[in-house]
Protein chains: 2
Amino acid sequence: MDKTRPGEIPPRPARPVTLRDVAREAGVHVSTVSRVLNDQASAGRITSETEGRIKEAARSLGYRRNSVARALRTGRTLLVGMVVPDVANLYQAGITRGAGDVLLADGYSLILASTDDNLDHAHSHVSAMLGARAEGLLYGVARESDTVLADAIDAGVPVVLFNRGSSQGPVSAVLPDDRMGTRLAVEHLLSLGHRKIVHVAGPEDVSSTVNRLEAFDDTLGAAGLAGLHRFSERQTEEEGERLTRQLLDQYPDTTAVLAGNDRLALGAIDAIRASGRTCPVDVSVVGFNDMPYSERFSPALTTVRISQYDLGALAASLLLKTIVDPGRSPETRLVAPELVVRQSTAAAR
Amino acid sequence: MDKTRPGEIPPRPARPVTLRDVAREAGVHVSTVSRVLNDQASAGRITSETEGRIKEAARSLGYRRNSVARALRTGRTLLVGMVVPDVANLYQAGITRGAGDVLLADGYSLILASTDDNLDHAHSHVSAMLGARAEGLLYGVARESDTVLADAIDAGVPVVLFNRGSSQGPVSAVLPDDRMGTRLAVEHLLSLGHRKIVHVAGPEDVSSTVNRLEAFDDTLGAAGLAGLHRFSERQTEEEGERLTRQLLDQYPDTTAVLAGNDRLALGAIDAIRASGRTCPVDVSVVGFNDMPYSERFSPALTTVRISQYDLGALAASLLLKTIVDPGRSPETRLVAPELVVRQSTAAAR
DNA sequence: TGTGCCTGAGCAACCGTTTGCGCAGATGCA
DNA sequence: TGCATCTGCGCAAACGGTTGCTCAGGCACA
């Protein structure tokens, strides 16, 4: 007489309900319960009467499948790891969102970790993800040479890089089209009459930095010009300000700054202001990414837009395809950028 | 002769290396390997020679512990679920970061999910987390009456609410001190001479909305005034603009807007601008949260600051304590707010 | 030399599911 | 009636670790 009558509060299960409990309640074997609850009733040829009884028992007992046990048996965890420099970074948060939505649609959950671009942090996070037998890895902190990434590839887990590429191994990647984006930005500045342009670049061993710098030099070179640059280790407003200040001190006739991303661009604007100049009147600034609220900054930021949501979603769907078909050959997908002209750029004086 | 000689590339393991493989390599029983790899060599009284041999075997084979199998046996997954309305929301991203850092320090990984404030999404995410046997839940989408939350509590998993409280059950929570924050904001407006103040509030059945509205009315009431308000279903700039427009149309002599959060505040500023008025000259606006870059908006936002990182970190550490001691009685912690006065508020004309 | 204790490791059950195979009864067909 | 086939479900072996218990050998001590 331990059935729950309507109106009674079912006793809170001290230990979670297992298949065995449901089987006992329904008077069948656990394997039968398993088949019914996995919608293999037809394949297992279960009577619809039995099926109904089992489902009712599961419902009334509050059975919830133990994914841990299932994963141990089947090898499928429905977990995917995602590694970003900082979830609190607006640009990355958008990517995370895109990836999360795509994964959810396929029933996967997302283990998310921030590394602060620290290799040790990356190592412990990835190690935990591989230990948890995540079925795939979305890796957004790749360096040109990256031991953590090498480990993951070695472990045989499907990996898709995003944002930053790497020559570490044969692995798929979803990247901004850095060259095209940079070309759009530089040509915009050139068309405004700028000739003294500097580049506040990202970290030196990150693929985006390398590509953007090359495109910067190439595009200027094609116009018979040369540009100067500085690398930043951390892509923060403070770094952007510090480096821009250095560049302005050293090359006072600079009229435009191309920043490696929007945060560096904000720092550049701070430095311009601190030097007594005005953006865009004296110095123009172009950012990269078009992070949220770029249009609300003062001045509103001219920047190269990368669709963050799409990039994340694309990376996730590529990963899912690789999980399904591990033999799939790696591919690199470039996300097309778009120049968004706002208030931080103006004609050169 | 299948030992790896220095310089040789170890063959990539087709199937992950198991304890059994290590045991075979070291010539001992799996239980001995398990004890050594869990640093229970002393408790298990293993010779340091044996210990060394086992560790060397594990290293050379590239053994990685299978957390799934371990979790099945021990019941500990080292996983925590976190549910937010939208990871791409700046305010929430900061909280996520704080929680993630605290959890990492204790060896936990974070399963993160966005629900868009949709109950069905919340249900499937939480269901997946409970299925994965997450050891605890950080729940940031609570409604006053919340069936998903009720389910989780029912399942017996430790839960800590953040941002939004709920009367759904006895459960710990880390919340902004909404009343104090609101009082600070309203008193600031009053001291600037504002008398016609409206409130663009959040969703009606969210605790923060209720508390802020009460404090809004109370503080105005204490000054012998009354304020008007509108609830928003989604806390977006668009909603903020729409509702503010309604309020301005209906009460054209409004001189100040208190917004339920910064995004609504941005929308309010848009509406003010669209109506041909200027913020803060004609109408002042106060936000809530002090989300990143609030100081860079135009005008820079006067707002009530909640330390997002601290709030997330506090919620996580409270959850960890509850996991260790499930008998712990629930507690609610209020995070003290701070008024940050910037450019969006000015004296009433 | 006999007894008892300590040392160092192995044995085997168990965690909760999944799944290939087996089996008894029923049914169909000759 | 005899035999083959089908139906509906049970059996038991995994999956990879963890852990209480056992046990053989060695040593100290009387």
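Residues numbered from 1 in each chain as written. Chains lettered and ligands numbered in written order. Predicted model: local features only at pLDDT ≥ 70, side-chain atom pairs only at ≥ 80, totals over all residues.

## As for the protein's contact with DNA strand D
Part 1 of the reasoning: Taken together, 25 residues lie around DNA strand D, and His29(A), Ser31(A), Thr18(B), Leu19(B) and Ser31(B) are the ones closest in.
Part 2 of the reasoning: Secondary-structure elements contributing two or more residues to the surface near DNA strand D are helix H2 (30-37) and helix H4 (67-74) of chain A together with helix H2 (30-37) and helix H4 (67-74) of chain B.
Part 3 of the reasoning: Per element, the largest residue contribution to the surface near DNA strand D is five residues, and it comes from H4(B).
Part 4 of the reasoning: Split by residue class, the surface near DNA strand D holds seven nonpolar, 12 polar and six charged. (Near = placed C-beta within 6 Å. Helix = DSSP H or I, 4+ residues; strand = E, 2+ residues; numbered from the N terminus. Nonpolar A, V, L, I, M, F, W, Y, C, P; charged D, E, K, R; others polar.)

## So, the interface of chain A and chain B
Part 1 of the reasoning: The interface of chain A with chain B comprises 40 residues on the first partner and 40 residues on the second.
Part 2 of the reasoning: If you list the elements that add at least two residues to the side of chain A that touches chain B, you get H4, helix H5 (90-105), strand E2 (109-114), helix H6 (119-131) and helix H7 (147-155) of chain A.
Part 3 of the reasoning: Looking at side-chain class alone, the side of chain A that touches chain B contains 21 nonpolar, 11 polar and eight charged residues. (Contact = placed C-beta atoms within 7 Å.)

## Here's the deal with the protein's contact with DNA strand C
Part 1 of the reasoning: The environment of DNA strand C is formed by 26 residues, the closest being Leu19(A), Ser31(A), His29(B), Ser31(B) and Thr32(B).
Part 2 of the reasoning: Counting residues per element, the surface near DNA strand C draws most heavily on H4(A), which supplies five residues.
Part 3 of the reasoning: Here the surface near DNA strand C is built from residues that sort into seven nonpolar, 12 polar and seven charged.

## Some thoughts on the relation of the copies chain A and chain B
Part 1 of the reasoning: For the pair chain A and chain B, the best superposition has an RMSD of 0.1 Å and corresponds to a rotation of 180° with a translation of 0.0 Å parallel to the axis. The transformation just described matches what one would write down for a two-fold rotation axis.
Part 2 of the reasoning: Here 100% of the contact residues of chain A are again contact residues in chain B; the copies associate through an equivalent surface. (Least-squares fit on C-alpha atoms with pLDDT ≥ 70 in both.)

## A few points about the confidence of the model for chain A
Part 1 of the reasoning: Per-residue pLDDT for chain A has a mean of 93; in total, 96% of the residues score no lower than 70.
Part 2 of the reasoning: Confidence drops under a pLDDT of 50 for residues 1-13 of chain A, and excluding neighbours within four residues, the segment shows seven contacts in the predicted structure. (pLDDT = per-residue confidence, 0-100.)

## Focus: H6(A)
Part 1 of the reasoning: Along its 13 residues, H6(A) runs 18 Å from first to last C-alpha, staying within 8% of the 18 Å computed at 1.5 Å per residue.
Part 2 of the reasoning: Listed as buried for H6(A) are Ala122(A), His125(A), Val126(A), Ala128(A), Met129(A) and Leu130(A).
Part 3 of the reasoning: Looking at the buried positions of H6(A), the neighbouring elements they touch are strand E1 (79-84), E2, strand E3 (136-139) and H7 of chain A together with strand E2 (109-114) of chain B.
Part 4 of the reasoning: One or two steps after H6(A), the chain reaches Arg133(A), where phi turns positive at roughly 60°. (Expected span 1.5 Å × (residues − 1). Buried ≥ 20, exposed ≤ 12 C-beta atoms within 10 Å, placed from the backbone.)

## Brief notes about the sheet that holds strand E6 (residues 197-201) of chain A
All names here are of chain A.
Part 1 of the reasoning: Reading across from one edge, E7-E6-E8-E9-E10-E12 is the order of the six strands in this open sheet, with mixed pairing throughout. The open sheet has two edge strands, strand E7 (228-231) and strand E12 (338-340), and neither has a second partner. Neighbouring strand axes in the sheet, compared pairwise and without regard to direction, differ in orientation by 20° on average.
Part 2 of the reasoning: Two elements, strand E8 (residues 256-259) and strand E9 (residues 284-289), share three bridges in a ladder whose sense is parallel. (Pairing = 2+ DSSP bridges. Axes fitted to C-alpha atoms, helices over the stretch in contact; angles between N-to-C directions.)

## Description of the environment of Leu220(A)
Residues and elements named next belong to chain A.
Part 1 of the reasoning: Among the structural elements, Leu220 can be located in helix H9 (residues 207-222).
Part 2 of the reasoning: C-alpha of Leu220 to C-alpha of Glu187: the two residues are 33 residues apart in sequence and 8.4 Å apart in space.
Part 3 of the reasoning: Once residues lying within four places of it in the same chain are set aside, the contact partners of Leu220 are Val186, Ile197, Leu225, Ala226 and Gly227.

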